[in-house]
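Secondary and tertiary structure notes
The chain contents come next:
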Amino acid sequence: MNFQMWLKAIRIIPKISKEEWGQLDVISRWLIITRAAVLVMTLTSALIAGMLAITIDHHLFVGWRFALVIVGLVFAHATNNLVNDLTDYHHGVDKDNYFRTQYGPQPLENGLMTPKQFYAYIGVTGGIATLAGLALILTQASSTPGNPWITLGLMAAGAIFVLFYTWPRKYIALGELTVLLVWGPLMIGGGFYAITGVWSWGAVAASLPYALATVTVIFGKHIDKRREDQAKHIYTLPVLFGETTSRVLVLVMMALLYILPVVYLFLLPQYFSWPILLVYLTPFLLKKQEREMILGIYTHPRPEEPPAEAKEFWPLWYVAAAMIHTRLYGGIFVLAMILQTILWPLIH
């Protein structure tokens, strides 16, 4: 077991040769091909759902259901990433050293796995997600005041997004909207319901700051590969809007990440209290180079050649900056909610 590779795969998407691949354990392979570095965003959404449930009413919070929500969401996202690669492989999207194969291994296109082996990973990963979802559905009525049919509907919606994100949604400019809906209302709002059995539009609204943070990541990725997508007739929003407008939209979304928590202190006082303002520490906790990179990147066109500071992650450029910011913002957001939960009795 290569614990060092586990940690590396969670931090970044490592580039792996066929020789290195042959020496990896099954967990390392799974973490790499599912792009575990981005699964952290789903884990964050699940944690926010749980913290919201505790905040609203700790009597409604069911710990084992919270654990199932985490497992179900993370493995569903992992399944989506696998299906994404499989679909792109069959559509020939990743041929000829396309963007995807430059920043990390595409297991089928790079010959690391056979389709049969890849289907096995999809089956096991999707199976775990399905089992977690079924457990939540079958025990809903007995463990919470909720309706199992609603949980089933939420699960079905998630399955539809998993199966049809890469095609056709990403091809018809619905990919970014899908990310907003999945990482916000579906994961956080739906996760809240699965845990407590109570639907809350307040929880859905409370999901928007972090949901927008995840959209900055997918926007950054689609800006980075805008030309390649256009050549492949994949019409993401950056392809339709152009680079400049897309960069401005990302900056607007980043601004909303800090505006909405303040607004919610007044509009959703039952969900948020002053610890949520800790998110304002995010820019100051970034390394100086990271802070300058994030602020500078989105105000300038993408360079034609990789700058010295980008060699580690190039051709990721806009998405690398957005990911660095989102991971830290999400971590502080969760920490603030944990602190809020601890202090809530004292605050009220």
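Since this is a predicted model, take the numbers as computed values, not measurements. (Residues numbered from 1 in each chain as written. Predicted model: local features only at pLDDT ≥ 70, side-chain atom pairs only at ≥ 80, totals over all residues. Heavy atoms only, no water.)

Some points on the overall build of the chain
- Across its full length, the chain carries 18 helices and zero strands.
- Its C-alpha atoms give the chain a radius of gyration of 20 Å, within 12% of the compact-globule value 20 Å for 348 residues.
- Taken over the C-alpha atoms alone, the chain extends approximately 55 × 45 × 40 Å along its principal axes.
- For the chain, buried positions account for 54% of its 348 residues.
- In the chain, of all internal contacts separated by at least 6 residues, the share reaching a separation of at least 24 is 73%.
- Side chains of the chain give 24 positive and 20 negative charges; the mean places of these two sets differ by 3 Å. (Helix = DSSP H or I, 4+ residues; strand = E, 2+ residues; numbered from the N terminus. Rg over C-alpha atoms; globule rule 2.2 N^0.38 Å. Buried < 20%, exposed > 50% of the residue type's maximum accessible area, 1.4 Å probe, protein only. Contact = heavy atoms within 4.5 Å. Lys, Arg positive; Asp, Glu negative; His and termini not counted. Charge placed at Lys NZ, Arg CZ, Asp CG, Glu CD.)

A few points about the nonpolar core
- Residues Ile 48, Leu 52, Phe 272, Tyr 298, Tyr 329, Phe 333 and Met 337 are the most contacted members of the largest nonpolar core, which totals 66 residues.
- At the level of elements, helix H4 (36-56), helix H5 (63-90), helix H10 (175-196), helix H11 (201-206), helix H12 (208-224), helix H15 (243-267), helix H17 (288-297) and helix H18 (318-347) are the ones that each hand at least two residues to this core.
- In terms of residues, this core owes the most to one element, H18, which gives 12 residues.
- Setting aside its immediate chain neighbours within four residues, Phe 333 contacts Ile 48, Ala 206, Pro 209, Phe 272, Ile 276 and Val 279. (Core = buried A, V, L, I, M, F, W, Y, C linked by side-chain atoms within 4.5 Å.)

Regarding H17
- Of the positions making up H17, those classed as buried are Met 293, Ile 294 and Ile 297. The buried side chains of H17 occupy one side of the element, clustering within an arc of 95° when seen end-on. Along H17, the residues that are exposed and aim more than 90 degrees away from the buried face are Lys 288 and Leu 295. (Arc of directions from axis to C-beta.)

Brief notes about the pattern of salt bridges
- According to the stated counting rule, one finds five salt bridges in the structure shown.
- A salt bridge links Asp 224 to Arg 302, with the shortest nitrogen-to-oxygen separation between them at 2.7 Å. Here Asp 224, found in helix H12, pairs with Arg 302, found in the loop between H17 and H18; they are 78 residues apart in sequence, far enough to count as distant.
- You can call Asp 224 buried: its relative accessible area is 3%. (Salt bridge = Lys/Arg side-chain N within 4 Å of Asp/Glu carboxyl O.)

Structural notes on the environment of Asp 25
- Along the chain, Asp 25 falls in the loop between helix H2 (18-21) and helix H3 (26-33).
- On the accessibility criterion, Asp 25 (16% relative accessible area) is buried.
- Along the chain, Asp 25 and Asn 2 lie 23 residues apart, while their C-alpha atoms are 6.8 Å from each other.
- Each residue touching Asp 25, except ones within four places of it in the same chain, is listed here: Met 1, Asn 2 and Trp 6.
- A distance of 3.1 Å separates a polar atom in the side chain of Asp 25 from a polar atom in the side chain of Trp 6. (Polar contact = N/O pair within 3.5 Å; in protein donor to acceptor, adjacent residues only side chain to side chain.)

A few points about the packing of H4 against H5
- At their nearest, the axes of H4 and H5 sit 9 Å apart, and the two run at 155° to each other. Viewed along their axes, H4 and H5 adopt a mutual orientation that is roughly antiparallel. Here H4 runs over H5; the crossing is right-handed. On H5, the residues touching Val 38, Leu 39, Thr 42, Leu 43, Ala 46, Leu 47 and Gly 50 of H4 are Phe 66, Val 69, Ile 70, Leu 73, Val 74, His 77, Ala 78 and Asn 81.
- When its residues are assigned to classes, the contact of H4 with H5 shows 11 nonpolar, four polar and no charged. (Axes fitted to C-alpha atoms, helices over the stretch in contact; angles between N-to-C directions. Parallel < 35°, antiparallel > 145°, perpendicular 65-115°, else oblique. Left-handed = near helix turned anticlockwise from the far one by under 90°. Nonpolar A, V, L, I, M, F, W, Y, C, P; charged D, E, K, R; others polar.)

A word on the side chain of Thr 125
- Relative to the assigned elements, Thr 125 resides in helix H7 (residues 115-138).
- On the accessibility criterion, Thr 125 (1% relative accessible area) is buried.
- Setting aside its immediate chain neighbours within four residues, Thr 125 contacts Trp 30, Phe 75, Ala 78, Thr 79 and Leu 82.

Some thoughts on the environment of Arg 35
- Structurally, Arg 35 is set in the loop between H3 and H4.
- In this structure, the C-alpha to C-alpha distance between Arg 35 and Gly 22, residues 13 residues apart in sequence, is 18 Å.
- There is a polar contact of 3.1 Å between the side chain of Arg 35 and the side chain of Asp 85.

Concerning the confidence of the model for the chain
- Confidence along the chain averages 87 in pLDDT terms, with 91% of residues attaining 70 or more.
- Taken element by element, the predicted model of the chain shows its lowest mean pLDDT in helix H6 (residues 99-103) (67) and its highest in H15 (95). (pLDDT = per-residue confidence, 0-100.)

Considerations on the packing of H5 against H7
- For the pair H5 and H7, interaxial distance at closest approach is 8 Å and the crossing angle is 150°. Between H5 and H7, the angle falls in the class roughly antiparallel. Regarding H5 and H7, the two cross each other, and that crossing is left-handed.

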